[in-house]
Amino acid sequence: MEETCKNVYITTPIYYVNDVAHIGHAYTTIIADMLARYSRLTGHNTYFLTGTDEHGQKIAQSAQARGKTPKEYADEVSGKFRALWDNFDISYDKFIRTTDEEHKLGAQKAFEKMYNKGDIYKGEYEGFYCVSCETFFTEKQLIDEQFCPDCGKPTSIVKEESFFFKLSKYEDKLLKWYEENEDCILPRSKKNEIVNFVKSGLRDLSISRTSFEWGVKLPESINEPKHVMYVWLDALINYISALGYGSDEEKFEFWPASVHLVGKDILRFHAIYWPAFLMSLELPLPKHIAAHGWWTRDGEKMSKSKGNVVDPKQVADAYGLDAFRYFMLREVPFGQDGDFSQKALIDRINSDLGNDLGNLLNRISGMSGKYFGFKVSSVDVEKYHVKELEDVNAILENVEELIFNMQINRFLEELWKVLTIANKAIGDYEPWTKMKEGKTDEAMALVALITNIMARVSILLQPVMPEKIAKIATSLGISINTEFYNKIIVNKELLSDTVITKVDQLFPRVEEPLIEQAPEAKTEKSEAEEETNKEEPDNLITIDKFFETTIKVGTIVEAQEVPKSKKLLKLQVDLGEENTRQVLAGIKEYYSANELIGTQACVVANLKPAKLMGMISEGMLLAAKDENGLCLIRPEKTKISGTKIS
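Residues numbered from 1 in each chain as written. Predicted model: local features only at pLDDT ≥ 70, side-chain atom pairs only at ≥ 80, totals over all residues. Heavy atoms only, no water.

### Focus: the overall build of the protein chain
- A count of helices and strands for the protein chain gives 23 helices and 27 strands.
- For 646 residues, the compact-globule formula gives about 26 Å, and the C-alpha radius of gyration of the protein chain, at 28 Å, lands near that figure.
- Oriented by its inertia axes, the alpha-carbon framework of the protein chain measures out at about 90 × 70 × 50 Å.
- The buried share among the 646 residues of the protein chain stands at 55%.
- Put simply, 74% of the contacts in the protein chain that link residues at least 6 apart link residues at least 24 apart. (Helix = DSSP H or I, 4+ residues; strand = E, 2+ residues; numbered from the N terminus. Rg over C-alpha atoms; globule rule 2.2 N^0.38 Å. Buried < 20%, exposed > 50% of the residue type's maximum accessible area, 1.4 Å probe, protein only. Contact = heavy atoms within 4.5 Å.)

### Observations concerning the sheet that holds strand β6 (residues 135-137)
- Strand order in the open sheet made by the four strands is β6-β5-β7-β9, with antiparallel pairing throughout. For this open sheet the edge positions go to β6 and β9 (205-206), each flanked by a neighbour on one side alone.
- Here two bridges tie strand β7 (residues 156-165) to β9, and the two strands are oriented antiparallel to one another. Looking at β9, one finds that Phe165 is bridged to Leu205. (Pairing = 2+ DSSP bridges.)

### With respect to the environment of Lys471
- Mapped onto the secondary structure, Lys471 falls in helix α19 (residues 466-476).
- Counting along the chain gives 33 residues from Lys471 to Asp504, while the straight-line C-alpha distance between them is 8.9 Å.
- The contact partners of Lys471, leaving out residues within four places of it in the chain, are Val503 and Leu506.

### Observations concerning the packing of helix α4 (residues 101-116) against helix α9 (residues 267-281)
- Between α4 and α9, the least distance of the axes is 9 Å, while the angle of their chain directions is 70°. With respect to their mutual orientation, α4 and α9 come out roughly perpendicular. Note that α4 runs across α9; the crossing there is left-handed. Of the residues in α9, those touching α4 at Ala110, Lys113 and Met114 are Phe277, Ser280 and Leu281.
- Among the residues making up the contact of α4 with α9, the classes are represented as four nonpolar, one polar and one charged. (Axes fitted to C-alpha atoms, helices over the stretch in contact; angles between N-to-C directions. Parallel < 35°, antiparallel > 145°, perpendicular 65-115°, else oblique. Left-handed = near helix turned anticlockwise from the far one by under 90°. Nonpolar A, V, L, I, M, F, W, Y, C, P; charged D, E, K, R; others polar.)

### A short note on the pattern of salt bridges
- In total, this model carries 37 salt bridges according to the counting rule given.
- A salt bridge links Lys117 to Glu282; its shortest N-O distance comes to 3.4 Å. With Lys117 in the loop between α4 and β5 (120-130) and Glu282 in the loop between α9 and β13 (288-292), the pair connects residues that are 165 residues apart, well separated along the chain.
- Between Glu161 and Lys226 there is a salt bridge, and its shortest N-O distance comes to 3.5 Å. Taken together, the residues Glu161 in strand β7 and Lys226 in the loop between β10 (208-209) and β11 (228-229) connect sequence positions 65 residues apart.
- Take Lys226: its relative accessible area is 48%, and that puts it in the partly exposed class.
- Linked by salt bridges that have partners in common, Asp33, Arg37, Asp89 and Arg325 make up one network. (Salt bridge = Lys/Arg side-chain N within 4 Å of Asp/Glu carboxyl O.)

### Examining the side chain of His385
- Mapped onto the secondary structure, His385 falls in the loop between α13 (381-384) and α14 (386-396).
- With a relative accessible area of 2%, His385 lands in the buried category.
- In contact with His385, other than residues within four places in its own chain, are Tyr429, Ala445, Leu446 and Leu449.

Printed below as a string of structure tokens:
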């Protein structure tokens, strides 16, 4: 997605139609929409894809439970996703469904090509299968030898005839791709997890099922009518079938994808399976696969049982869509987990949007109206304010790089630095004093400087808050388009003479929460805490009590300091599960974050998640401490992540 790029292709994952859209879906889609809008604004030929994933055993079972056919159920839920994105004014170019006939043709063509190449063969599969996640797991990945490591539901042993993709064949090619393309996976810390996973060895991938029928049938040339494609093969092919792969290839000039946006829970599918499939199909690989974190609410994991799931439409309806978009993009660095709270949202609205942005527009309107009849001329701006212009230009020259490195929160931080320059200039130069002294040219230059700064910030904010920026553009008498972008951002030209129009207050102050607060988290002591507090003679326990604790070998793949904490480090620990665990450890006095990355430790893996400083901790490291300090308990030799200690 460099500046010279002519075609830009941006995708969200296709969302699984097993539930209504939640804040995580909205977050992914808003990011993608922002990137697509920015790409169009800057003159790129842009194609933005989203849609729904509608096949698999889980969908068939959900439909049956509701007395519907799988297609009827998929139509209903897919329609809700599309309606929400339309309500949110998401600027997608195509909404794909895996039940589309064009998609099925593309998936069948891909299967046939990989089969004819010798990358697909028939065998028999036996493994632990989670219907909810549509995923097989090895025994060592299970929790307590039975439960899915992702959703916690029981797995079942499935043995059936299956076609396999030779994933192991592409292990070295994948590692070479990771090595040669530094930013193929963003953020880079997530790339390390993928590389380590691939280096541990890849097994061939089961890509068909015979135990259910709700899926894409194999090509007729294969002559295996009882098989349907594994849902992840079917789903991933959408990124090329949407461009016409398998049919007319009408939009295939957009391939390869510029950015595949995904949640961190499905990164491995996109960063390992998908590139391997593309290698087999002899197609170019995507430029970037960008994985974002998860959202909690008020520091608590969201769940239906707690009643604290955030409905994105409810929030947008209450606080305004653009305010919601800004909050989601500004609040958390891409790749890290975020926390939604109405207090944080209200703070952003009142401070960033109301005081810094909205109030600055009010000051432009007020000063231009009071002193100059709403007419603004830039003729003397460079004469009196060259330093401010240089400071603004220096900041704006580097912001596009932040966008396409998925540092969107920093992009917004930089724009707010520019707004700070504008607000400070008003206090420094006091236009009211200039007018009293008869220095009307200097006062006009200052008002024009502020107007030019607002125009530049506004055009860069348009992809973030399109509705509100349209109102600012009306007020300033400017047009938000590629021609104007090139004029004032690329060429750094000043505005022509313009007339300011007063508009209603953009971001009215919010005094109290506008939607019902989430239920407060329970404060009762956990069973583990209560057990700890019980006194036992000589601390003796039975062997059964000991085996209630699950201790595993974990590999620390990411570590960082927790701001404002003297003791805590925030670690991402690989326990051989589909996703890493976040563990907060009070070891900062004894270990630096950098020295822990890539090392192993012993982890209590079945503790109930706890909240420390507003963050979730999903385990505990074992350590020993005496007068000589603290040291982590580690395996003598490197072990496979997730190995149980007994």
